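Letter by letter, the chains look like this.
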Amino acid sequence: MAPRIWTAALVVIGDEILSGRTQDKNIAQLATWLNAQGIRLAEVRVVPDQQAAIVEAVNTLRGRNDYCFTTGGIGPTHDDITVDAIAAALSVPVVVHAGARAALADYYASKGGLTEARLRMARVPEGAELIVNRMSGAPGIRWGNIFILAGVPHIAAGMLDALTGTLEGGLPVVSRTIGCWVAESEIADLLGETERAHEGVSIGSYPFFREGCVGANFVVRATDSTLVDQVIAVLADGLEARGFESVDGGI
């Protein structure tokens, strides 16, 4: 029986991402963190600061993945509507979490106190748990399989650190890269045959054009490092047999 594959989805929330004013860094950050937990990032959706769009995305993605993460829209301003939208998706009211309020009051004690705007960051969908945020006081939020994180990458990273080891998952994926100065179309048969011959392995092909020449890096991924090494060896031998020199680690 094939091992259970745990999956997660990410909803990136924010007009600033869609407009291009801000470049998202949380996708790669979350994917790397999830992999270490034995969870695959299966899909990502970017949505505007609109309640209907957030509700639809969250309800769709949480239903077909083990976990659903969101980033953005949990700050103190009027356009931070993620909490309200997710509460609507869950059909629960928004409440002020006592623990979040206490954490914010402590954080802002020497910074002007807990204003009405700052208190917005203590609001959660009823029934939620908190995700510790040691960076800025405002906690992340967990409700069932939904994880509501900050949009600022270094703050989101701190929240992920607080979640490390707390989610159920499978075996982490390991990978190795091999590179070659060859057009991927010339060795597509080698890649396909090798992947089909090794169950549980995926081979990604990433072509490039440098110094007037075409080449490609091939990334082998699996949960078994021994299997990854075997496939790298098969690819290296196959490339050599076709007259191409491979570069371990990629080009």
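The structure contained in this document is the topic of the report that follows. Keep in mind the model is a prediction, meaning the values are calculated, not measured.

Take the overall build of the chain next. Counting secondary structure elements, the chain contains 9 helices and 12 strands. Dimensions of the chain, computed from C-alpha atoms along their principal axes, come out at roughly 70 × 45 × 35 Å. For the chain, the proportion of its 251 residues judged to be buried stands at 41%. In the chain, 68% of the contacts between residues at least 6 apart in sequence involve partners at least 24 apart. Across the chain, the mean location of the 19 positive side-chain charges is 8 Å away from that of the 29 negative side-chain charges.

With that settled, consider the pairing of strand E8 (residues 146–149). Burial along E8 is two-sided: the face carrying Ile146 and Ile148 and the face carrying Phe147 and Leu149 are both buried. Where strand E3 (residues 67–71) meets E8, 4 bridges bridge the pair, whose relative direction is parallel. Bridging from a neighbouring strand, Phe69 pairs with Phe147 of E8. Of the pairings in the sheet, the one linking strand E7 (residues 140–143) to E8 comprises 3 bridges and is antiparallel in character. When the sheet's bridge partners are listed, Arg142 is paired in E8 with Phe147. Between E7 and the antiparallel strand that follows it, E8, lie 2 residues; Gly144 among them carries a positive phi value of about 60 degrees.

The subject of this paragraph is helix H3 (residues 51–64). If you check H3, its first and last C-alpha atoms are 20 Å apart, about what 14 residues at 1.5 Å a residue would give, namely 20 Å. Of the positions making up H3, those classed as buried are Ala53, Ile54, Val55, Ala57, Val58 and Leu61. Buried residues belonging to H3 abut strand E1 (6–13), strand E2 (39–47), E3, helix H4 (82–90) and E8.

Let's shift gears to the sheet that holds E8. Read from one edge to the other, the open sheet built from 6 strands follows the order E2-E1-E3-E8-E7-E6, with strand pairing classed as mixed. Across the chains shown, the open sheet's two edge strands, defined by having one partner strand only, are E2 and strand E6 (129–131). The average angle at which neighbouring strand axes cross in this sheet is 20 degrees, direction not considered. Two elements, E6 and E7, share 3 bridges in a ladder whose sense is antiparallel. What sits directly across from Ile131, in E7, is Gly140. Relative to the sheet, H3 contacts E1, E2, E3 and E8, its axis offset from that of E2 by approximately 165 degrees.

Quick look at the nonpolar core now. Formed by 43 residues in total, the largest nonpolar core has its most connected members in Val11, Trp33, Ile54, Tyr67, Phe69 and Leu167. Looking at this core, the elements with two or more residues in it are E1, helix H2 (26–36), E2, H3, E3, H4, E8 and helix H7 (153–163). Broken down by element, the residue count for this core peaks at 7 residues, all from E1. Look past the residues within four positions of Leu167 in its chain and what remains in contact with it is Trp33, Ile39, Tyr67, Phe69 and Phe147. Within the second largest apolar cluster, 18 residues are counted, among which are Leu190, Leu191, Ala222 and Leu227.

Strand-to-strand pairing in sheets goes through backbone hydrogen bonds, with the strands running parallel or antiparallel. Strand order in the open sheet made by the 4 strands is E10-E11-E9-E12, with antiparallel pairing throughout. Two strands in the sheet have a free side with no partner beyond their single neighbour: strand E10 (202–210) and strand E12 (246–248). Sheet twist, expressed as the mean angle between neighbouring strand axes with direction ignored, is 25 degrees. Pairing geometry for E10 and strand E11 (residues 213–222), over 9 bridges, is antiparallel. Considered in E11, the bridge of Tyr206 is made with Asn217. Here helix H8 (residues 188–197) sits on the sheet in contact with E10 and E11, set at roughly 160 degrees to E10. Of the strands in this sheet, strand E9 (174–180), E10, E11 and E12 are in contact with helix H9 (residues 225–241), which crosses E9 at around 10 degrees.

One way to put it is that H2 packs onto H7 with a least axis distance of 10 Å and a crossing angle of 15 degrees. Taken together, the axis directions place H2 and H7 in an arrangement best described as roughly parallel. In this structure, the crossing between H2 and H7 has a hand that is right-handed. Of the residues in H7, those in contact with Asn26, Gln29, Leu30 and Trp33 of H2 are Pro153, Ala156, Ala157, Leu160, Asp161 and Leu163. Split by residue class, the contact of H2 with H7 holds 7 nonpolar, 2 polar and 1 charged.

Further remarks concern a nonpolar patch on the surface. Where nonpolar side chains cluster on the molecular surface, the patch consists of Leu18, Ile27, Val44 and Val46 and spans about 280 Å² of accessible area. On the secondary structure map, Val46 appears in strand E2. By relative accessible area, which is 34% here, Val46 ends up partly exposed.

Definitions and limits used
Residues numbered from 1 in each chain as written. Predicted model: local features only at pLDDT ≥ 70, side-chain atom pairs only at ≥ 80, totals over all residues. Heavy atoms only, no water. Helix = DSSP H or I, 4+ residues; strand = E, 2+ residues; numbered from the N terminus. Buried < 20%, exposed > 50% of the residue type's maximum accessible area, 1.4 Å probe, protein only. Contact = heavy atoms within 4.5 Å. Lys, Arg positive; Asp, Glu negative; His and termini not counted. Charge placed at Lys NZ, Arg CZ, Asp CG, Glu CD. Pairing = 2+ DSSP bridges. Expected span 1.5 Å × (residues − 1). Axes fitted to C-alpha atoms, helices over the stretch in contact; angles between N-to-C directions. Core = buried A, V, L, I, M, F, W, Y, C linked by side-chain atoms within 4.5 Å. Parallel < 35°, antiparallel > 145°, perpendicular 65-115°, else oblique. Left-handed = near helix turned anticlockwise from the far one by under 90°. Nonpolar A, V, L, I, M, F, W, Y, C, P; charged D, E, K, R; others polar. Patch = residues over 30% accessible without salt bridge, like charges linked within 9 Å, V, L, I, M, F, W, Y side chains within 5 Å. Areas by Shrake-Rupley, 256 points an atom, 1.4 Å probe, with all protein chains shown as cover. Salt bridge = Lys/Arg side-chain N within 4 Å of Asp/Glu carboxyl O.

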